[in-house]
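Examining the three-dimensional arrangement
The lines below spell out each chain.
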Amino acid sequence: MKRIFAALLFSLITTTLLNAQRTGAIAGVVRDADTQESLPGAVVQVEGLSVDGAPLAVVTDEEGRYRLADIPAGSYNVRAEMVGYEPLVKFNLVVTSGNDNFVTFELRGAAGNELEEVRVVVSRSVSVATMESPNSVQNLTAEEIRTNPGGNFDISRVVQALPGVGGTGGSVGGFRNDIIIRGGGPNENVYYLDGIEVPVINHFSTQGSAGGPSGILNVSFIEDATLNSSSFHARYDNALSSVLQVRQREGNPDRLQGNVRLSGTELAATLEGPLAKKVTFLASARRSYLQFLFKLIDLPIRPNYWDFQYKVTWKLGPKTTLNAIGLGAIDEFGFGVPRESSPEKEYILRSVPSINQWNYTVGFGLRHLIGDGYLNVALSRNMFENRLDKFADGREGDESFRTLRTRSQEIENKLRAEIVQVRGDWKFTYGLMAQYVKYNNETYNRIRPGIVDSAGNVVQPEIAVNFGTDVDFFRFGLFGQVSRTFFDRLDVSVGLRTDMNTFTETGMNPLRTLSPRAAVGLRLSDRWSLNSSVGLYYKMPIYPVLGYRDAFGRLANVANDYSRALHCVLGAEFRPTATSRVTLEGFYKQYSQYPVSLRDSISLANMGGDFGIIGNEAVSTVGKGRAYGFELFYQQKLTKNLFAVLSYTFFHSQFTGFDTDRYIASAWDNRHLVSAIFGYKFKRNWEIGLKYRFQGGAPFTPFDLEASQRNYATLGTGLLDYGQLNSQRLSAFQQLDIRVDKKWNFKRFTLDLYLDLSNATLAQNPSYPKYTFQRNADNTGWATSDGLPLASDGSNAVPVILDDRSGTLIPTIGFILEF
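A brief structural summary. (Residues numbered from 1 in each chain as written. Predicted model: local features only at pLDDT ≥ 70, side-chain atom pairs only at ≥ 80, totals over all residues. Heavy atoms only, no water.)

Tallying secondary structure elements over the chain gives seven helices and 47 strands in all. In summary, the chain has a C-alpha radius of gyration of 28 Å against a globular reference of 28 Å for 819 residues, a match within 12%. Across its three principal axes, the chain shows a C-alpha extent of roughly 95 × 85 × 45 Å. Split into buried and exposed, the 819 residues of the chain put 58% on the buried side. At a minimum sequence separation of 6, the contacts of the chain that also span at least 24 residues come to 67%. As displayed, the chain has an accessible area near 33100 Å², and 58% of this comes from carbon and sulfur atoms. Counting 84 positive and 84 negative side-chain charges, the chain places the centres of these two groups 4 Å from one another. (Helix = DSSP H or I, 4+ residues; strand = E, 2+ residues; numbered from the N terminus. Rg over C-alpha atoms; globule rule 2.2 N^0.38 Å. Buried < 20%, exposed > 50% of the residue type's maximum accessible area, 1.4 Å probe, protein only. Contact = heavy atoms within 4.5 Å. Areas by Shrake-Rupley, 256 points an atom, 1.4 Å probe, with all protein chains shown as cover. Lys, Arg positive; Asp, Glu negative; His and termini not counted. Charge placed at Lys NZ, Arg CZ, Asp CG, Glu CD.)

And the structure:
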């Protein structure tokens with residue numbers, strides 16, 4: 001009977017698969033890239049497909065919209081073209097029977113009268129350069145983010161495969177995804193979602209820095225993401241290393257659809273569709289299962305989170321569109337008892353604070369078309385609350401053992417208005433921004449405990465940060481950028497920006513942050529381009545620095561200047577085919593007015609690669625820095641079922657402390673970055689992806705052994721010897737990730753089952769050394785050299801330096817159900 005039932009079930013499944021309508025649709029809109037006007041009459045065609053001998057193509061309607069239906073499930077390259085514009089190809093668009101794929105094409109006007117050569121310039125589709133940013137720019141599609149091996153649908157991890165982008169090796173558990181670009185710190189990057197700045201894009205973010213074990217952005221919302229590591233547009237402020245612009249798609253205007261995604265770290269549900277005529281929505285919620293993964297691999301930390309996201313698009317009229325976006329997260333970082341104890345796990349339990357955070361960003365973006373361009377207005381509010389607690393020897397709840405307590409909030413209310421106009425061969429962008437900022441903080445942080453000998457003499461006075469602050473102020477900015485193409489081949493763009501604030505002593509002087517920039521791109525032929533850019537960029541001190549008060553309750557850092565970075569970039573791009581490109585770039589970044597700790601006399605460029613908070617101290621903006629090197633990049637878009645990305649970066653990153661003539665390797669000076677991604681699409685909807693990353697050894701500072709022994713019992717960490725700042729290096733990091741996908745397309749839904757193997761070769765990767773004391777045999781306390789209880793100054797402890805090399809294979813079996 002069981003065999004008969006199994007045979008019937010197998011027959012039913014087979015019949016369902018054979019009779020399934022394995023077709024889907026691609027829909028969207030075609031616009032002018034400069035004016036954002038919709039383009040009626042544009043032709044959108046699926047390459048390589050035909051119906052009755054004719055190409056599978058449609059023409060956009062009066063609103064510039066198109067819909068390609070009844071496309072067999074699979075991956076395709078889709079081209080949009082129109083007379084007077086350069087054709088544009090979107091690569092590797094996946095068609096399924098479960099969800100329609102919505103894709104926006106933004107076409108650029110063909111140079112001069114080269115309309116007869118429109119078939120030749122199609123090779124530029126693979127290039128992502130613009131007049132304003134002809135170099136140092138990369139683009140990721142949603143499919144590239146979604147299927148990235150080891151990426152876990154997290155854009156912060158995926159961008160680490162791009163040239164010049166590295167991560168922080170040696171972090172707690174090796175699970176952080178800080179973005180380090182061309183030797184700059186993780187807090188030198190800014191992030192925009194549909195033109196609205198989002199300060200926090202990671203769970204368990206380090207306040208004053210960035211990064212965390214998992215990203216907040218849901219890949220199901222993303223249409224594409226663009227990373228600029230130089231030649232920033234004048235509209236963006238506070239960027240010293242990069243600008244990451246994430247563009248979200250619109251919800252399906254025709255029907256309700258959605259997806260459910262289960263991975264080893266989270267369960268995510270997304271729903272979209274029409275709310276009313278001319279109104280669409282996207283909404284999602286995600287629940288973390290990261291705590292179960294960490295329990296499975298027997299790590300003592302238990303991160304747990306929720307996040308939520310939405311987008312509502314309302315077509316107010318033929319020329320006006322209103323977008324409402326929202327993003328929020330709730331993070332709880334606790335601890336669990338591991339099944340098997342080890343010195344490394346005991347160290348984590350005593351050194352890492354418990355974390356409770358929440359954050360949100362909500363905003364409205366209004367775009368209104370005018371005669372020769374458009375007006376953008378963005379109004380938003382974001383808030384970040386950070387609560388940290390840490391107790392000596394893990395004695396949570398006993399205030400006499402408390403070493404850290406932080407209660408902090410950052411609140412920003414932002415308005416940005418800009419106008420983009422195209423007049424003949426000229427393109428103008430100009431606008432302003434205004435912000436109202438509130439920051440409050442209550443912090444107690446025991447840096448070093450007080451030690452008294454048996455006679456009552458103070459051997460070591462206590463060093464602690466203990467203050468409360470509540471500040472608010474305004475920020476302002478003005479910007480403008482002008483671009484033009486000369487002789488049909490030479491693109492020139494110049495911009496100017498200034499930023500002001502009512503908080504710092506010199507903050508209202510616009511000349512102190514005057515930041516000019518210029519970019520030039522020369523098309524030597526349809527295959528070769530040369531480009532260069534130079535720009536001066538500023539970043540305001542981080543809020544923990546601005547709000548810090550000294551022992552007398554005075555704001556200690558109001559005299560600080562904006563950090564400054566001068567970028568110089570020279571590069572070349574070669575497009576051997578319509579689907580491939582090679583770029584070579586050399587870059588030089590010169591930093592000045594960089595914050596240096598008055599307590600430790602080191603640059604803040606050497607902090608921020610761990611959990612917690614940085615900047616709660618007095619600093620002086622006297623530091624200097626420099627980062628220079630070159631990048632080589634090769635990209636092959638989907639051709640004959642194969643796509644590939646290869647990159648190599650070599651760089652130096654160095655910063656000074658108070659001795660401005662002595663440059664020391666920064667914490668991000670890895671020297672060598674190598675990444676490679678290969679993907680192949682087999683028949684029957686099978687796909688395999690491989691990603692390899694290599695990162696040179698990161699510098700680190702050895703411990704001050706005497707001070708560490710005196711203080712470890714209270715602090716739970718060793719103390720570094722800053723006299724030997726970054727004098728040693730870890731060994732190199734490398735990792736191979738493998739992902740296999742299989743899709744089944746049914747009549748009304750699609751199932752994607754995948755296997756992801758992170759660190760498939762079990763590579764033994766290093767982490768920063770850790771200082772601890774040896775535990776006794778039954779793990780009930782500290783081992784001592786004399787058999788007596790541990791002395792208050794640790795003099796009878798048995799110090800141990802942990803050199804932890806992690807080689808854990810992390811397998812993930814998950815699915816994506818589209819309906």
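The discussion continues.
Applying the stated rule across the entire model yields 33 aromatic pairs. Measuring from ring centre to ring centre gives 4.7 Å for Tyr-680 and Phe-682, while their planes differ by 65 degrees; the resulting arrangement is edge-to-face. Among the aromatic side chains, those forming a connected cluster through ring pairs are Phe-703, Tyr-712, Tyr-771, Phe-773 and Trp-782. Over the ring of Phe-105 we find Lys-90; its NZ or CZ atom is 5.9 Å from the centre of that ring. The lysine or arginine in question, Arg-626, covers the ring of Tyr-663, its NZ or CZ lying 3.8 Å from the ring centre. (Phe/Tyr/Trp six-rings, centres within 6.5 Å; stacked < 30°, edge-to-face > 60°. Lys NZ or Arg CZ within 6 Å of the ring centre and 35° of its normal.)

Of all ten residues making up strand S1 (residues 23–32), nine are buried, and the element is well covered by its neighbours. Pairing geometry for S1 and strand S4 (residues 65–72), over six bridges, is antiparallel. For Ile-26, the partnering residue across the bridge sits in S4 and is Leu-68. (Pairing = 2+ DSSP bridges.)

Among all positions of helix H7 (residues 705–715), only Ala-707, Ser-708, Gln-709, Asn-711, Tyr-712, Thr-714 and Leu-715 are buried. Phi turns positive, to about 80 degrees, at Gly-716, one or two residues after H7.

Spatial strand order, S8-S15-S16-S11-S12: five strands in an open sheet with mixed pairing. Edge strands, defined here as strands with exactly one partner in the open sheet, are strand S8 (137–141) and strand S12 (196–197). Here two bridges tie strand S11 (residues 189–193) to S12, and the two strands are oriented antiparallel to one another. Paired with Leu-193 across the strands is Ile-196, a residue of S12.

Right, let's get into the sheet that holds S1. Strand order in the open sheet formed by three strands is S4-S1-S7, with mixed pairing between adjacent strands. If you trace the sheet from one side to the other, it starts and ends with S4 and strand S7 (101–107), each paired once. Neighbour-to-neighbour, the strand axes of the sheet open up by a mean angle of 25 degrees, direction not taken into account. The pairing of S1 with S7 spans seven bridges and is classified as parallel. Within S7, the residue paired with Gly-28 across the bridge is Val-103. (Axes fitted to C-alpha atoms, helices over the stretch in contact; angles between N-to-C directions.)

A few words now on the pattern of salt bridges. In this structure the tally under the stated criterion is 51 salt bridges. Linking Glu-143 and Arg-146 is a salt bridge whose minimum nitrogen-to-oxygen distance equals 2.8 Å. Remark: Arg-146 and Glu-143 occur in helix H2 (residues 142–146); sequence separation between them is three residues, near one turn of the helix. When its relative accessible area of 8% is taken as the criterion, Glu-143 is described as buried. (Salt bridge = Lys/Arg side-chain N within 4 Å of Asp/Glu carboxyl O.)

Mapped onto the elements, Lys-315 comes out in strand S20 (residues 301–317). A sequence separation of 37 residues divides Lys-315 from Lys-278, and the C-alpha atoms of the two residues are 5.1 Å apart. Not counting residues up to four positions away in its chain, the partners in contact with Lys-315 are Arg-31, Arg-65, Glu-250, Lys-278, Thr-320 and Thr-321.

The topology assignment puts Gly-183 in the loop between strand S10 (180–181) and S11. In this structure Gly-183 comes out as buried when scored by relative accessible area, which is 1%. Taking the C-alpha atoms as reference, Gly-183 lies 15 Å from Ser-592; in sequence the two are 409 residues apart.

The next thing to look at is helix H5 (residues 343–351). Of all the residues in H5, the buried ones are Lys-345, Glu-346, Tyr-347, Ile-348, Arg-350 and Ser-351. Along its buried surface, H5 packs onto S20, strand S21 (320–335), strand S23 (373–391), H7, strand S44 (770–773) and strand S45 (799–802).

In this section: the side chain of Arg-484. Among the structural elements, Arg-484 can be located in strand S28 (residues 463–486). Look at Arg-484 and you get buried, because its relative accessible area is 17%. In terms of polar contacts, Arg-484 uses its side chain to reach the side chain of Asp-425, at 3.3 Å. Among residues more than four places away in sequence, those in contact with Arg-484 are Met-131, Asp-425, Trp-426, Leu-490, Asp-491 and Val-492. (Polar contact = N/O pair within 3.5 Å; in protein donor to acceptor, adjacent residues only side chain to side chain.)

Turning our attention to the nonpolar core. One finds Ile-145, Ile-155, Val-159, Val-165, Leu-244 and Val-246 to be the most contacted residues of the largest nonpolar core, which totals 31 residues. Elements with a contribution of two residues or more to this core: helix H3 (155–158), S11, strand S15 (222–228), strand S16 (242–248), S21 and S23. Contacts of Val-246, omitting those with residues within four sequence positions, involve Ile-155, Tyr-192, Leu-193, Asp-194, Leu-217, Ile-222, Asp-224 and Ala-225. Counting 21 residues, the second-largest nonpolar core is a separate cluster that includes Ile-26, Ala-42, Ile-71 and Phe-105. (Core = buried A, V, L, I, M, F, W, Y, C linked by side-chain atoms within 4.5 Å.)

There is a patch of nonpolar side chains on the surface, built from Leu-642, Leu-646, Phe-678, Tyr-680, Phe-682, Trp-686, Ile-688 and Leu-690 and spanning about 680 Å² of accessible area. Listing elements by their share of the nonpolar patch, those giving two or more residues are strand S35 (642–655), strand S37 (672–681) and strand S38 (686–695). Residue position: Phe-678 is located in strand S37. (Patch = residues over 30% accessible without salt bridge, like charges linked within 9 Å, V, L, I, M, F, W, Y side chains within 5 Å.)

Summarising the element assignment, Arg-581 is placed in strand S33 (residues 580–597). Linking Arg-581 and Arg-157, residues 424 residues apart in sequence, is a C-alpha distance of 23 Å.

In terms of backbone geometry, most residues other than glycine have negative phi values and most peptide bonds are trans. The backbone phi angle of Asp-194 is positive, close to 50 degrees, even though this residue is not glycine. Take Asp-194: it is sitting in the loop between S11 and S12. For Phe-204, which is not glycine, the phi torsion reads 55 degrees and is therefore positive. By the element assignment, Phe-204 lies in the loop between strand S13 (202–203) and strand S14 (214–215). The buried category is assigned to Phe-204, whose relative accessible area is 0%.

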